[in-house]
Amino acid sequence: MTTTRFAPSPTGYIHIGNLRTALFNYLIARKAGGTFILRIDDTDPERSKEEYVDAIKRDLEWLGLTWDRLERQSERLDRYAEAADRLRGMGRFYEAFETPTELDLKRKKQLNMGKPPVYDRAALALTEDEKAKLREERGPGVWRFKLDQERIEWEDGILGPISIDAASVSDPVLIRADGQVLYTLASVVDDTEMGVTHVVRGSDHVTNTATQIQMIRALDGSVPNFAHHSLLTGPQGESLSKRLGTLALRDLREQGVEPEALLSLMARLGSSQPVELRLSLDEIAKGFDLDQFGSAPTKFDARDLMPLTARKLHGLSYDDVKDELAALGVPDDIAPDFWAVAKDNITTRSDLLPWWTLCRDGAEPLVAEEDRDFVAQAMALLPDGTLTRETWSNWTAAVKEATGRKGKGLFMPLRKALTGQERGPEMADLLPLLQTIPARDLTKRSD
Ligand code: GLU
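Residues numbered from 1 in each chain as written. Predicted model: local features only at pLDDT ≥ 70, side-chain atom pairs only at ≥ 80, totals over all residues. Heavy atoms only, no water.

Draft legend 1. Spotlight on the overall build of the protein. Along its length, the protein carries 19 helices and twelve strands. For the protein, whose C-alpha radius of gyration is 31 Å, the value lies well above the compact-globule estimate of 22 Å for 447 residues. By its C-alpha atoms, the protein is 105 × 45 × 35 Å across when sized along the principal axes. Among the 447 residues that make up the protein, the fraction classed as buried is 48%. Counting only contacts in the protein whose residues sit at least 6 apart along the sequence, the fraction spanning at least 24 positions is 75%. (Helix = DSSP H or I, 4+ residues; strand = E, 2+ residues; numbered from the N terminus. Rg over C-alpha atoms; globule rule 2.2 N^0.38 Å. Buried < 20%, exposed > 50% of the residue type's maximum accessible area, 1.4 Å probe, protein only. Contact = heavy atoms within 4.5 Å.)

Draft legend 2. Quick peek at the pairing of strand β4 (residues 93-96). Both faces of β4 are covered, namely the face carrying Phe 93 and Glu 95 and the face carrying Tyr 94 and Ala 96. Alignment of β4 against strand β5 (residues 142-145), held across four bridges, turns out to be antiparallel. Paired with Phe 93 across the two strands is Phe 145, which belongs to β5. (Pairing = 2+ DSSP bridges.)

Draft legend 3. Fine view of the side chain of Thr 419. Tracing the sequence through the fold places Thr 419 in helix α17 (residues 407-419). With relative accessibility at 3%, the residue Thr 419 sits in the buried group. Here Gln 421 takes part through its backbone oxygen, which lies 3.1 Å from a polar atom of the side chain of Thr 419. Among all residues touching Thr 419, those that are not within four sequence positions of it are Leu 358, Ala 363, Met 427 and Leu 430. (Polar contact = N/O pair within 3.5 Å; in protein donor to acceptor, adjacent residues only side chain to side chain.)

Draft legend 4. Broad picture of the packing of helix α6 (residues 183-193) against helix α7 (residues 206-218). Across the interface, α6 lies against α7 with an axial gap of 10 Å and an inter-helix angle of 55°. Accordingly, the angle class assigned to the pair α6 and α7 is oblique. For α6 against α7, the interelement crossing comes out right-handed. The residues of α7 that touch α6, namely those facing Tyr 183, Thr 184, Leu 185, Ser 187, Val 188 and Thr 192, are Asn 208, Thr 211, Gln 212, Met 215 and Ile 216. Residue composition of the contact of α6 with α7, by class: five nonpolar, six polar and no charged. (Axes fitted to C-alpha atoms, helices over the stretch in contact; angles between N-to-C directions. Parallel < 35°, antiparallel > 145°, perpendicular 65-115°, else oblique. Left-handed = near helix turned anticlockwise from the far one by under 90°. Nonpolar A, V, L, I, M, F, W, Y, C, P; charged D, E, K, R; others polar.)

Draft legend 5. Structural detail: the packing of aromatic side chains. In total, this model carries nine aromatic pairs according to the counting rule given. Here the aromatic rings of Trp 392 and Trp 395 are separated by 5.7 Å at their centres, their planes lie at 70°, and the arrangement is edge-to-face. With Trp 392 and Trp 395 both in helix α16 (residues 391-403) and three residues apart, the pair spans about one turn of that helix. With relative accessibility at 11%, the residue Trp 392 sits in the buried group. For Trp 395, a relative accessible area of 2% corresponds to the buried category. (Phe/Tyr/Trp six-rings, centres within 6.5 Å; stacked < 30°, edge-to-face > 60°.)

Draft legend 6. Highlighting the site of the ligand. The full set of residues close to the ligand is Arg 5, Ala 7, Ser 9, Asp 41, Tyr 183, Ser 187, Arg 201 and His 205. Measuring from a nitrogen atom of the ligand, one finds a backbone N or O atom of Ala 7 at 2.8 Å. Tyr 183 is positioned with one of its side-chain polar atoms (N or O) 2.6 Å from an oxygen atom of the ligand. In isolation the ligand has 300 Å² of accessible area, and contact with the protein removes 79% of it. (Near = heavy atom within 4 Å. Areas by Shrake-Rupley, 256 points an atom, 1.4 Å probe, with all protein chains shown as cover.)

Draft legend 7. Structural detail: the sheet that holds β4. Pairing is antiparallel across the open sheet formed by three strands, whose spatial order is β4-β5-β8. Edge positions in the sheet fall to β4 and β8 (173-175), since each of these pairs with one other strand and no more. On average, each strand axis in the sheet is tilted by 45° relative to the strand beside it, whichever way the strands run.

Draft legend 8. Focus on the pattern of salt bridges. With the rule as written, the count across this model stands at 37 salt bridges. Of the charged contacts in the structure, one is a salt bridge between Arg 5 and Asp 191, with a shortest N-O distance of 2.9 Å. Here Arg 5, found in strand β1 (residues 3-6), pairs with Asp 191, found in helix α6; they are 186 residues apart in sequence, far enough to count as distant. The buried category is assigned to Asp 191, whose relative accessible area is 4%. Arg 76 is paired through a salt bridge with Glu 193; the nearest N and O atoms lie 3.0 Å apart. (Salt bridge = Lys/Arg side-chain N within 4 Å of Asp/Glu carboxyl O.)

Draft legend 9. Molecular detail of helix α1 (residues 16-32). Its 17 residues place the ends of α1 25 Å apart at the C-alpha level, agreeing with the 24 Å of an ideal helix rising 1.5 Å per residue. In terms of residue burial, α1 counts as a mostly covered element, since 13 of its 17 residues are buried. (Expected span 1.5 Å × (residues − 1).)

Draft legend 10. Just the packing of helix α9 (residues 259-268) against helix α11 (residues 305-314), in detail. Relative orientation of the contacting elements α9 and α11 amounts to 130°, with a least axis distance of 8 Å. The orientation of α9 with respect to α11, classified from their angle, is oblique. The element α9 and its partner α11 pack so that their crossing is right-handed. Here Glu 260, Ala 261, Leu 262 and Leu 265 of α9 lie close against α11, whose contacting residues are Leu 305, Leu 308, Thr 309 and Lys 312. When the residues that make up the contact of α9 with α11 are grouped by side-chain class, the tally is five nonpolar, one polar and two charged.

Draft legend 11. How the structure looks around α6. Counting buried positions along α6 gives eight out of eleven residues, so the element sits mostly inside the fold. Those residues of α6 that sit buried are Thr 184, Leu 185, Ala 186, Ser 187, Val 188, Val 189, Asp 190 and Asp 191. The elements touched by buried residues of α6 are β1, β2 (35-40), α3 (77-89), β8, β9 (198-202) and α7.

Written as structure tokens, this is what we have:
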């Protein structure tokens, strides 16, 4: 059975970069009718925060990326300790005592000599007595996994065939000196025990994958299908890493981005298929294919989310927004007409309020000096009482006759006087919705 997982560390909010990871894993499980696990990688007690766990769940729920199973690494520490013991028993785990400064010095020397900065395994040569002495002097060491020095190969779901020489990679530290189990080991134990069949993650994890494949094999697990998606860049190809903080899902949500817009964009960006608005995850899953993604960095422009958001909103029916309009205070009897008029003139839901305020209170008239007399004349001709759909054409016909103006010179000053802006809904549709028309006063002023 296809099983995937999204494994965020609760040390921050989900942003556009890790959304991609979440979505791809979700879609693979969904398409195959499999299981999607939300795994909270919280082995770091200092940096992990409960508020981030809550925020991650909230973001995923907002997008509809619901999980079939929730796991927390902090509740599985005994499983990791057991795996560590097994690796020790096999001679694949060793304690090392170098300080960060010593390691840094070693790396610098290697680089100076034109060699790759790979850990030299000096700790493997330590005798038990030497280790005991170091432990006494420096406290417990870190635990490193001893890589088999062979080529590690896999068929990557996005990158194609990968081959990494294990000799070019340092033996990874899996347990810190303070006893904290690191993600590299925890993830292997979890993926193996939870039957994870597919892992999609960012291409910054490729080297991790190489070492994890050896660990999975050492622990008799079955190696999942790995795929590494490219990292996102800004629209000009610039690194997004510093800006990711401002591209958190909660910020995009606050800016009014609709979840379907975000999902539709992210499911296609960087693939050979065009971006199309899809209104359900089922539809998105149907058209999703990992093979369509390339390895080149993927350009992301947050502005692309707005046209998709607008398109989603334009397609909503009155029933879809009934409650929202009621909450804004739009009376039920005019709400359907208001929605019909407003929907094509909004990009996000927050644009509804200004249109409703315009209908309810009217707008400060915008009148150019040269149009003052014209507008005053026109306002005098505007009928009192209930305005209907016919009012606009009858009225402008009368104004045209009285003033001789036509076309844009006729319509634009009237729109600006009534709405205070140059653009907006069809005036014929909008006029009957205007509860207050401050421009009516302009007739008096010109007297
Ligand atoms: N917690 C890891 C991260 O956020 C998970 C990586 C993985 O998918 O294995 O980078």
